[in-house]
Amino acid sequence: MSKNHLKNNAQILSRRSGIYLFSVAILFVFIGMLTTVQPAYRFSSTLITEWTRDIDGFVFYNLLGMENRSFKQAFPEDRKLPELSNVIFQIATNLKPNDPRSLLGNELPGFSIYDSDILIAGEGTDYTNLPIESFPPLEEVLRDREAIMEEETEQPIGEPKEEVKQTTGKRNVVFIYNTHNRESFLPYLPDTTDPDLAHHSEMNITKVSDRLAEALKNKGIGTQIDHTDIGNVLDEEGLEYWQSYDASREVVEAAISTNKEIQYVFDLHRDAQLRKETTKEINGESYARIMFVVGMEHAGHEKNLQIATELNALIEENYPGLSRGVVPKQGAGTNGVFNQDLSENAILVEFGGVENTMEELYRSADALAEVFSDYYWDAEEVQGNP
């Protein structure tokens, strides 16, 4: 080997070593800056999520492949790594070069809702009438308001259409709770017209939960219901309304830990959509429509999607048009988990809207109880349980 060749190799090695050492030094300086800067100026996880959520997932998959080549064996042959310039452009501007919705969503108020997904669209459901998540100030949620407590809202549940042949006995296999327990309905709040302010300590979604629990028990399905006032919990713990799921999570965890018989977990909500989107006439009677919401930001979401999809199909079969469909939720601006990681059979159900009446809501609760009881007992037979 010639002296010139050895000299060239030495120079190349020297340059590479220099670059490596310089890169390590820069890395340590960057880490030092991140760890010593004042908290107010640090990068938050939310900011990092915003930067990266629109980047093609194939980029991160390739990064894993650089460390573990076994990942590359599963690479689709027709997929190519996005150009570095496009990736940098997306991080810097939050725009996707091949998707004009990303530009319109940033510039036009309300247009960002079209970035949502719909797994199953019920009758009339599209991107313009998906469930609305409102986060009013906690003081508005807790504010005392006049409410009409009509006797018609206390209608007794009807008797079973046929004799109940199966029961869970003393076992309470369904757990019902309300994360947003003060969500109320405008027909019963005479001094309130703003849907975001439709909250009340008594006349609220918990009455629908009580009705559903009663209807399930009438079908032989033991049900445990929780009446924790999450609004008060938030106030006592100094939390904000958007942290409601953190507060209700403790309720669900306590229930599951103390009652090992719980198989299904229902979290009932009221949508902020108006009556035209949340009401359906079936066989001459008016019903409050329902919608299933599934959080996608946890490992077990496929199981939650499965039960929501199956129940949606059964509802459509028995009460066509009652369900508005199944909507998966993830990303910025939403919880993305909804405590559904605590049970593979966790269900979040939007019951009606802000303009529905209790009579309509109760009909829908009875309908869901009827459909769910068929689903439950069929599942028990398949599993060989008595």
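Below or above, wherever it landed, is the structure these notes cover. As the structure is a computational prediction, the values presented were derived from the model and not from experiment.

The next thing to look at is the packing of aromatic side chains. Evaluation of the coordinates by the stated rule reveals ten aromatic pairs. Between tyrosine 264 and phenylalanine 372, the ring centres sit 5.0 Å apart and the planes meet at 85°, which makes this aromatic pair edge-to-face. Separated by 108 residues along the polypeptide, tyrosine 264 in strand 4 (residues 264-269) and phenylalanine 372 in helix 12 (residues 358-382) bring together distant segments of the chain. The exposure classification of tyrosine 264 matches that of phenylalanine 372, with both residues buried. Both rings, one in tyrosine 264 and one in tyrosine 376, keep their centres 5.9 Å apart while their planes meet at 70°; by these two values the pair is edge-to-face. Of the two residues, tyrosine 264 sits in strand 4 while tyrosine 376 sits in helix 12, which places them 112 residues apart along the sequence. The residues tyrosine 264 and tyrosine 376 share a single accessibility class, namely buried. A network of ring pairs unites the aromatic residues Tyr264, Phe266, Phe372, Tyr375, Tyr376 and Trp377 as a single cluster.

With respect to burial, strand 4 is a largely interior element, six of its six residues being buried. Of the two faces of strand 4, the one carrying Tyr264, Phe266 and Leu268 and the one carrying Val265, Asp267 and His269 are both buried. Inspection of the sheet shows strand 2 (residues 174-177) paired to strand 4 by four bridges, in the parallel sense. Considered in strand 4, the bridge of valine 174 is made with tyrosine 264.

Counting 47 residues, the largest nonpolar core has Val174, Leu212, Tyr264, Phe266, Phe292, Phe351 and Phe372 as the members making the most contacts within it. Counting residues per element, the ones that place at least two in this core are strand 2, helix 7 (206-218), strand 4, strand 6 (285-288), strand 7 (290-295), helix 11 (301-318), strand 9 (346-351) and helix 12. Of the residues forming this core, the biggest block, 13 residues, is contributed by helix 12. Look past the residues within four positions of phenylalanine 266 in its chain and what remains in contact with it is Val174, Phe175, Ile176, Tyr177, Leu212, Ile347, Val349, Leu368 and Phe372. Core analysis: the next-biggest nonpolar cluster, separate from the first, contains 16 residues, Phe175, Val233, Leu234 and Ala346 among them.

Basis of the calculations
Residues numbered from 1 in each chain as written. Predicted model: local features only at pLDDT ≥ 70, side-chain atom pairs only at ≥ 80, totals over all residues. Heavy atoms only, no water. Phe/Tyr/Trp six-rings, centres within 6.5 Å; stacked < 30°, edge-to-face > 60°. Helix = DSSP H or I, 4+ residues; strand = E, 2+ residues; numbered from the N terminus. Buried < 20%, exposed > 50% of the residue type's maximum accessible area, 1.4 Å probe, protein only. Pairing = 2+ DSSP bridges. Core = buried A, V, L, I, M, F, W, Y, C linked by side-chain atoms within 4.5 Å. Contact = heavy atoms within 4.5 Å.

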